[in-house]
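Each chain is listed here by its residues.
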Amino acid sequence: MATVNQEGFPVIKPVNFLYWDEKIYLHSSKKGEKIRDIRRGSPVCFEVDEPIAYVKAKGPACKASYYYRSVIIKGKATLVNHRRKKLKIFERLMEKYQPEGGYGEILEEILKKTAVIEISIQEITGKENLG
């Protein structure tokens, strides 16, 4: 996810995410540049790609290729403050990243000290090269 900092520079951070109810959700520390930028009203950009295969060059090096799918989202980020919604998002993140289960409950102290960011999608584009 990318924001624009106070100096006007784009800043990008790798994140785990959830797509749910036509919005993007991610978790974060409540401190740091990303949260300051969101609170200041910075626009956000979110990108995800799926590498499929690298294609070796046969002949000139410029014939090497890469098969992929990608999506770029531009939008507005806000912080989720409603406890029940934060808990639901954490549960869905765990289901996505650890679908086999085996983890305990989400502790109240974690809910209190972790930010949940909601990105409302204003523009979405996609690109793919499938060969």
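Scroll up to find the structure.
Note that the coordinates shown come from a computational prediction; the quantities given were computed from them, not determined experimentally.

> Would you take a moment to explain the environment of Leu87 for this structure?
Within the fold, Leu87 resides in helix H2 (residues 83-97). Once the C-alpha coordinates of Leu87 and Lys23 are considered, the two residues, 64 residues apart in sequence, prove to be 16 Å apart. For Leu87, the contacting residues outside a window of four places in its chain are Ile106 and Leu111.

> Can you walk me through the nonpolar core in this structure?
Side chains of a nonpolar character, in soluble globular proteins, are inclined to be buried together. Of all hydrophobic cores here, the largest spans 13 residues; its most connected members are Met1, Ile24, Leu26, Phe46, Ala77, Ile117 and Ile119. Of all the secondary structure elements, the ones that give two or more residues to this core are strand S4 (23-29), helix H1 (33-40), strand S5 (43-55), strand S6 (65-79) and strand S7 (114-129). Those residues in contact with Met1 that sit more than four places away from it in its chain are Val11, Ile12, Lys13, Val15, Leu26, Lys34, Ile38, Val44, Cys45, Phe46 and Ile119. In terms of nonpolar packing, the next biggest core, distinct from the first, is built from nine residues, Leu18, Tyr25, Val80 and Phe90 among them.

> What exactly am I supposed to notice about the pairing of S7 here?
On a regular strand, one side chain projects to one face of the sheet and the next to the other, so that they alternate. The pairing of S4 with S7 spans seven bridges and is classified as antiparallel. Paired with Ile24 across the two strands is Ile119, which belongs to S7. Two elements, S6 and S7, share 12 bridges in a ladder whose sense is antiparallel. When the bridges of S7 are listed, Arg69 appears paired with Glu128.

> Please explain H2 as it appears in this structure.
For H2, with 15 residues, the first-to-last C-alpha span of 21 Å sits near the 21 Å given by 1.5 Å per residue. Those residues of H2 lying buried are Lys86, Leu87, Ile89, Phe90 and Leu93. In a view along the axis of H2, the buried residues occupy a sector of 160°, so they form one face of it.

Conventions adopted
Residues numbered from 1 in each chain as written. Predicted model: local features only at pLDDT ≥ 70, side-chain atom pairs only at ≥ 80, totals over all residues. Heavy atoms only, no water. Helix = DSSP H or I, 4+ residues; strand = E, 2+ residues; numbered from the N terminus. Contact = heavy atoms within 4.5 Å. Core = buried A, V, L, I, M, F, W, Y, C linked by side-chain atoms within 4.5 Å. Buried < 20%, exposed > 50% of the residue type's maximum accessible area, 1.4 Å probe, protein only. Pairing = 2+ DSSP bridges. Expected span 1.5 Å × (residues − 1). Arc of directions from axis to C-beta.

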